[in-house]
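Secondary and tertiary structure notes
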Amino acid sequence: MTAKLPIGVVGVGALGRHHARHLAKIEEADLVGVFDIDPEVGRAVAEEVGTTARSSLDDLLGRVSAVSIAVPTPEHLSVGIEALRRGIPVLMEKPLAGTFNRSLRAAEPYLDGPLYLEGHRVAPFQPRGTDVAVVLDLMIHDLDLMLHLTGGAKAIDVRASGVAVLSQHLDMANARVEFDNGAVALATASRLAKDRVRRLRLVQPSGYMSLDMAAGTGVFMKLKPGWRPGISDNLPDIVDVIPLIAPEADALNLELTSFIHAVQGEREAVITGAEGRRALALALKVTESVRRAPIPHSPG
């Protein structure tokens, strides 16, 4: 039996707390500690999950063989580099691996080279996350998915617009990306919405998919075999509608378990650092395109 992996969590605020909670229960993991810049937060979470609040990042990194980093986005670089310099494998949720989403797991058997992709990801305004543009806060997840679903195709044209309303950074953005394989993707992200919405639409030669990623459900529509014009004008006679259903599963638990198995050498990482880098590069291109876009002027 493979020995348990000594692992820790850096940053146990709104998201990191859940990482610690899951890791404390995963059989293959030995949660040796957590560290948070706020000692009281660190102690409270450590007590909650039955581990130790370490006094410093250095103390935690000296005890682990892997680490989950859930600090605010601007601190990802400094904390991540510190761990990597020590040769410690890092799980960092920017972007989040979309393959763990229930609706995407259900859609996987029907994926067939999407040529048109449309992502819509909006959420109510929260001060957390506004230290970066909405492109890096929310849209990057859909850009990551689009790169994955287009087989890692290269973005050859990026056009975007956006606006800052409630923070110093973009709070809403829309992007159009053309890929070198002919695919076109549209992505909208906003943190100004009343309700939280996460939808993805895919059009491919074999049919059309509509995924509600928040609910973990979806539908795949494809032309019925043998149908031709003149046979019928009723949609049920023309199109097969296939509900996309995957077994219930906790996406974060799947993600952390997959990371542990990759570190232990039992399987490859689902999302590699190179893939994360490509998603970040595309997100930065979107942000730069917004910066270059002409500013509209009021008439008169």
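Up top you'll find the structure we're talking about.
Residues numbered from 1 in each chain as written. Predicted model: local features only at pLDDT ≥ 70, side-chain atom pairs only at ≥ 80, totals over all residues. Heavy atoms only, no water.

Focus: the overall build of the protein chain
For clarity, the cut-off: Secondary structure elements are taken from DSSP: a helix is a run of H or I of four residues or more, a strand is a run of E of two residues or more, and numbering for both begins at the N terminus. Residue contacts follow a heavy-atom distance rule, with two residues in contact if any of their heavy atoms lie within 4.5 Å. Accessible surface area values rest on a Shrake-Rupley calculation with a 1.4 Å probe, where residue burial reflects the displayed protein chains alone. For the charge count, each Lys or Arg is scored as positive and each Asp or Glu as negative, with His and the chain ends excluded. By convention, the point assigned to a charge is CZ for Arg, NZ for Lys, CD for Glu and CG for Asp.
Along its length, the protein chain carries nine helices and twelve strands. Overall, the C-alpha framework of the protein chain stretches about 70 × 65 × 35 Å when taken along its three principal axes. Counted over contacts in the protein chain with a minimum sequence separation of 6, partners at least 24 positions apart contribute 65%. Of the accessible surface of the protein chain, which amounts to about 15700 Å², a share of 54% is contributed by carbon and sulfur atoms. In the protein chain, 32 side chains carry a positive charge and 36 a negative one; their mean positions are 3 Å apart.

Brief notes about helix α2 (residues 39-49)
Stated formally: Note on exposure labels: buried denotes an accessible area under 20% of the residue type's maximum, exposed denotes more than 50%, and partly exposed covers the range between, all computed with a 1.4 Å probe on protein chains only. Picture the helix axis, draw a direction to every C-beta atom, and the arc is the one those directions span. Counted as a polar contact is a pair of N or O atoms within 3.5 Å, where, for protein atoms, one must be capable of donating a hydrogen and the other of accepting one, and residues adjacent in sequence contribute only when both atoms are in side chains.
Turning to α2, its buried residues are G42, V45, A46 and V49. The buried residues of α2 occupy an angular sector of 100° when projected down its axis, which confines them to one face. Exposed side of α2, more than 90 degrees from the buried face: E40 and E47 are the residues found there. Looking at the buried positions of α2, the neighbouring elements they touch are α1 (16-23) and β2 (29-35). Sitting at the amino-terminal end of α2 is D38, which places a side-chain oxygen 3.0 Å from the backbone nitrogen of E40. Positive phi appears at G50, one or two residues downstream of α2, with a value of about 80°.

Re the nonpolar core
For clarity, the cut-off: For this analysis, a nonpolar core means a set of buried residues of the types Ala, Val, Leu, Ile, Met, Phe, Trp, Tyr and Cys, connected via side-chain atoms within 4.5 Å.
Judged by nonpolar contacts, the single largest core of 45 residues is most densely connected at M139, L143, F179, L200 and V286. Here the element with the most residues in this core is helix α6 (residues 134-149); it accounts for eleven residues. Discounting residues that sit within four places of it in the chain, L143 has contacts with A187, L282, A283 and V286. Grouped together as the second largest cluster of nonpolar side chains are 19 residues, V12, L23, V34 and V49 included.

Observations concerning a nonpolar patch on the surface
Under the convention used in this document: The patches reported here contain residues having more than 30% relative accessible area and no salt bridge. Joining distances are 9 Å for like charges and 5 Å for nonpolar side chains (Val, Leu, Ile, Met, Phe, Trp, Tyr). Note on definitions: salt bridges are taken to be side-chain nitrogens of Lys or Arg within 4 Å of carboxyl oxygens of Asp or Glu.
A contiguous nonpolar patch, built from F125, V163, V165, L166, M172 and L192 and spanning about 480 Å² of accessible area, is present on the exposed surface. Along the chain, V165 turns up in the loop between β6 (155-163) and β7 (172-179).

A closer look at the packing of aromatic side chains
Applicable threshold: Each Phe, Tyr or Trp ring (for Trp, its six-membered ring) is paired with any other whose centre lies within 6.5 Å, and the angle between the two planes then decides the class: stacked below 30 degrees, edge-to-face above 60, tilted in between.
A complete count under the given rule lists one aromatic pair for this structure. Both rings, one in Y110 and one in F220, keep their centres 5.1 Å apart while their planes meet at 40°; by these two values the pair is tilted. In this pair, Y110 sits in the loop between α5 (102-107) and β5 (116-122) while F220 sits in strand β11 (residues 217-223), placing the two residues 110 residues apart along the sequence. Look at F220 and you get buried, because its relative accessible area is 3%.

Focus: helix α8 (residues 251-263)
Where we set the bar: The length a helix should cover is 1.5 Å for every residue beyond the first.
With 13 residues, α8 extends 18 Å from end C-alpha to end C-alpha; this agrees with the ideal 18 Å at 1.5 Å per step. Within the span of α8, buried status applies to L252, E255, L256, T257, S258, F259, I260 and H261. Taken together, the buried residues of α8 touch β1 (5-10), α1, β2, β3 (66-69) and β4 (90-92). Where α8 begins, one side-chain oxygen reaches toward the backbone nitrogen of L252, 3.0 Å away; that side chain belongs to D250. Backbone geometry just after α8 places G265 at a positive phi near 80°.

Focus on the sheet that holds strand β10 (residues 207-212)
Strand pairing in a sheet relies on backbone hydrogen bonds. The paired strands run either parallel or antiparallel. As a reminder of what qualifies: Being paired, for any two strands, means DSSP has found at least two bridges between them. To define axes, lines are fitted to C-alpha atoms, for helices over the stretch in contact only, and angles between the resulting N-to-C directions are given on a 0 to 180 degree scale.
Strand order across the open sheet formed by eight strands is β6-β7-β8-β5-β9-β10-β11-β12, with mixed pairing between neighbours. Both outer strands of the open sheet, β6 and β12 (239-244), are each paired with one neighbouring strand and no more. Sheet twist, expressed as the mean angle between neighbouring strand axes with direction ignored, is 10°. Examined bridge by bridge, β5 and strand β9 (residues 197-204) share seven bridges and lie antiparallel to one another. If you follow V122 over to β9, its bridge partner there is V197.

Topic: the sheet that holds β4
A sheet is described by the order of its strands in space; here four strands give the open sequence β2-β1-β3-β4, paired in parallel fashion. The open sheet has two free edges, formed respectively by β2 and β4, since each of these has just one partner strand. Sheet twist, expressed as the average angle between the axes of neighbouring strands with direction ignored, equals 20°. In terms of strand pairing, β1 meets β3 through four bridges, oriented parallel. Directly across from G8, in β3, lies its bridge partner V67. The sheet strands contacting α1 are β1, β2, β3 and β4, and the helix crosses β1 at an angle near 160°. Its contacts with the sheet place helix α4 (residues 76-85) against β1, β3 and β4, and it is angled at close to 165° to β4.

These values are about where atoms sit, not about what they do.
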